[in-house]
Structure formats: C-alpha cells, structure tokens
Amino acid sequence: MYQLNAFDPQQFLQQHWQKQPVLIRGGFSEFLDPLDEHDLAGLAQEPDIDARIVSRQGDNWQVTQGPFTEFSQHCQGQWSLLVQGVDRYLDEASELLNAFNFVPRWRVDDLMVSFSVPGAGVGPHLDQYDVFIIQGKGSRRWQVGDKGQHQQTRPHPRLSQVAAFKPLIDEVLTAGDILYIPPGFPHCGEALEPCLNYSVGFRAPNQQELLSSLADFALQQDAFHQRYEDKGLAPRRFAGEVLSTEVECIRQLIQASLHQPEFELWLGEFLSKGPEMAETQTQNIQAPELAAHLLAAKPLQRQLEYKGVWLECNDSGILLHFGELNQQVDKALLPYIETLCTDTVWYKPDDISEISLTALCHSILPLVNAGVWELTE
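Residues numbered from 1 in each chain as written. Predicted model: local features only at pLDDT ≥ 70, side-chain atom pairs only at ≥ 80, totals over all residues. Heavy atoms only, no water.

Help me understand the sheet that holds strand β17 (residues 325–330) in this model?
Paired through their backbone hydrogen bonds, the strands of a sheet run either parallel or antiparallel. The three strands lie next to each other as β15-β16-β17, forming an open sheet whose pairing is antiparallel. Bordering the open sheet on either side are β15 (309–312) and β17, each of which pairs with just one other strand. Within the sheet, the average angular offset between the axes of one strand and its neighbour, ignoring direction, is 30°. Pairing between strand β16 (residues 317–322) and β17: six bridges, direction antiparallel. (Pairing = 2+ DSSP bridges. Helix = DSSP H or I, 4+ residues; strand = E, 2+ residues; numbered from the N terminus. Axes fitted to C-alpha atoms, helices over the stretch in contact; angles between N-to-C directions.)

Listed below in structure tokens is the structure:
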C-alpha cells in the first residue's frame, strides 16, 4: 500500500543513515493519510495508549498526558496532539512501517502520529534515535541543525528543548515528503496549517537496557550458574586487594555467559518484544483446519502488537520470536515467514506447494494457537 518513490535504500544507508539528515521530496507519491485527526483523538481516549497534548500560549508551554476524556480545556493556543504506537492499533499504520523494511525490523520502535494546528509544534529538541518524519495532510516548516553541543532547556517539566540553532535544512514539507534525522541533530517543526505528521522511530538499546533485560532473563533460567574458581590462589600481602588477574577472571566469567545458547534465546525475545504484548486467548486449532482455511482463500490476521524477528539456530533452521513466544522453522519457509511477519492480513500465495503449505501450517500452528495470528473470513 505504501511504497517509497524513486528511492535507493543502499545509497541512503551509505550516505545518510546515522550520518546526516536529508529531505526526501515526494518520498511517497499521492500519499494517503491512514487516519485523520478525529481517529487520532479517538485513540487518545483509549486507557492503554500513550498520548499527550503539547500547547503554547506566548512563552508559556503546557504538556498534558492522556488518556483524554475531553480536549477543549487542553487544546488552547497553538497545540499538538501526539499519540505513540499507532501501528499497534491500526492496520494501515502498521503497513506504513513496511515501507522502511530496508532497516532491520528489530530496530523499529513505533509509529508516532501528531496533529497540529497552525503555529504549533514541540519546540527545538534532540532525539537519541533515528526518525523518518512523513508529512501527511497540510504543510509544516522544518529546521534541522548540525550535531554538536546544544544547550538544554526545560520550559515544562515534561518537555525537553534546546536553544535556537543554525539550520542545515530549512524547508516546508507537503504531503508525501519525508525528513530523515539521525540521533543528536537538533530539529524543530512548526505547522503552517492544520496538519498530520507520522514519525517512524527506531530504537537503539543502550548497555544499561541490555544488561538489565539479560539479568531479568537469567534469573528465570536454569542456566548461567557457572561459579568463579581460583584453584591457583596464592598468599598476598594485603587481603583487601583485588588483583588485576582476578578482575580479568570475573570479566571472562561474565563474557562466558554471553556465549551460552540461552543468550540468543534471550536476544530474540528482547528484540521482538513490544512495550505491551497482546493478551490473547489461546486457541485449539488443528493443522488440517489451518490448511483448509488458507486453501479456501481465507486470510490470517496478525495481531498488531506482535513483531516477529528470527535468528539462525542451525544450518537448516531458524528460531522465530514474538516476545516470549518462539518456534523453530525450516529455512526453506522464510519467504512465507517474512510476509507473515509484515503483512497485517496474509493470504496463501499462489506459488506455494502443497508440501510447503503443510510444513508451514505445522510450523506456525503453535503461534496461531497462542494468538499471534487469527483465522478470519
């Protein structure tokens, strides 16, 4: 549904990814908004969604966190409504992310959608992640500065900004234009008319996040139990000293845990787990029933909270992960697995053989019964 227009992914990755911002004019030709401001306001009322309204009257900034039961008292002056994770609630929004599949799927965080009235924005600021900002209806002026030291300011406890900067890019975006901004480049957008913007954010976990998650995982596993040993211990002058050789032994003990098979099991879970995994009822579908459903040209509907990634586990197989759910799959089925993980609605391809379809049904059946996909009419 959404395809990038006259865009060379290889050239982009070599020249711009995590290096320099760039404006991609007409990145989407005849761009169609997957929702409007009324749909966005409806999502902002949901109890489990992350939404906020940022408003400004003169130099007075206000940030109000959702969910919202009404909007009039918060939408004063120049205001923007911002909703995170829209791809987990709307098929069309999830499909918009597929246009950026030249970046590994595990790097994708979410799709944030904002609606702004003229003059509105969140002020000049920095992000610590890569982002593609897609212009929907209306127009917005964007300024992007160079990476460097920028003075941080907080006009509101929930709003981080930077001081004014000299722009490298100063352009007006209209529907279908895309602005890519790497981490650390200051930017500021101001709506020129009522407009929608779509921000595709990419996560890059830091060491603290990785170590914390791995530690939590290790506590739940019957692994990572190797103990420190010092069979060559010799007397020393000061009992309180930790020798450099002992420091290195402990470092090696920790490093050894990263080479256990359980490490890749944790990594697949970590990289495929969203902020809120779906709570679905288990099913009891049998493989012949699943095959018959697909042969009847009926689709599988993917629950949008699930983001599938896979790691190679041997020469012929992969381990497919959806958060804590995982399933081993034959590598020969990868072309079908990839589309199952990206398409919101999946139909049996015409070119799949009966043998491959049978193998696919048996492979994904535990995940279907766990609620990753639903049989729909």
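There's more to say after this.
In this structure, what is going on with the packing of aromatic side chains? I would like to understand it.
Geometrically, a pair of aromatic rings is defined through the distance of the ring centres and the angle of the planes. As enumerated under the stated definition, the model contains 25 aromatic pairs in all. Ring geometry for F28 versus F31: centroids 5.6 Å apart, planes at 50°, classification tilted. Judged by relative accessible area, F31 falls into the buried class, the value being 10%. Residues F132 and F202 carry aromatic rings whose centres are separated by 5.8 Å and whose planes lie at 70° to one another, so their mutual orientation is edge-to-face. (Phe/Tyr/Trp six-rings, centres within 6.5 Å; stacked < 30°, edge-to-face > 60°. Buried < 20%, exposed > 50% of the residue type's maximum accessible area, 1.4 Å probe, protein only.)

Would you explain the pattern of salt bridges in this entry?
A side chain with one charge may pair with a side chain of the opposite charge, provided their charged atoms come close. By the definition in use, this model includes 11 salt bridges. E246 is the partner of R236 in a salt bridge, and the nearest nitrogen-oxygen pair spans 2.5 Å. Taken together, the residues span a long stretch of sequence, with R236 in the loop between α4 (207–219) and α5 (244–257) and E246 in helix α5 at a distance of 10 residues. A relative accessible area of 27% means that R236 is categorised as partly exposed. E246 sits in the buried class, given a relative accessible area of 13%. Across the pair E377 and K298 runs a salt bridge whose closest N-O atoms are separated by 3.1 Å. (Salt bridge = Lys/Arg side-chain N within 4 Å of Asp/Glu carboxyl O.)

Would you mind showing me how to read the sheet that holds strand β18 (residues 345–346) here?
Across the sheet, three strands lie side by side as β18-β14-β19; this open sheet has antiparallel pairing. Single-partner strands in this sheet number two, and they are β18 and β19 (373–375). The pairing of strand β14 (residues 300–302) with β19 spans three bridges and is classified as antiparallel. Of the residues in β19, the one forming a bridge with L300 is L375. Each of β14, β18 and β19 touches helix α7 (residues 287–295); the most contacted strand, β14, lies at about 100° to it. Across the face of the sheet, helix α9 (residues 354–370) comes into contact with β14, β18 and β19 while running at roughly 105° to β19. (Contact = heavy atoms within 4.5 Å.)

I'm lost on the environment of A191 in this one. Help?
You can see A191 is positioned in strand β12 (residues 187–191). A relative accessible area of 2% places A191 in the buried class. In sequence terms A191 and T153 are 38 residues apart; their C-alpha atoms lie 22 Å from each other. When sequence neighbours within four positions are dropped, the list of residues in contact with A191 reads S116, V117, P118, G119, A120, S139 and R140.

Honestly, the nonpolar core in this entry has me stumped. Any pointers?
Within soluble globular proteins, side chains that are nonpolar tend to cluster in buried spots. Counting residues in each nonpolar core, the largest one holds 44 residues, and the members touching the most others are L81 and F132. Listed in part, the 28 residues of the second largest apolar core include L320, L340, C341 and I364. (Core = buried A, V, L, I, M, F, W, Y, C linked by side-chain atoms within 4.5 Å.)

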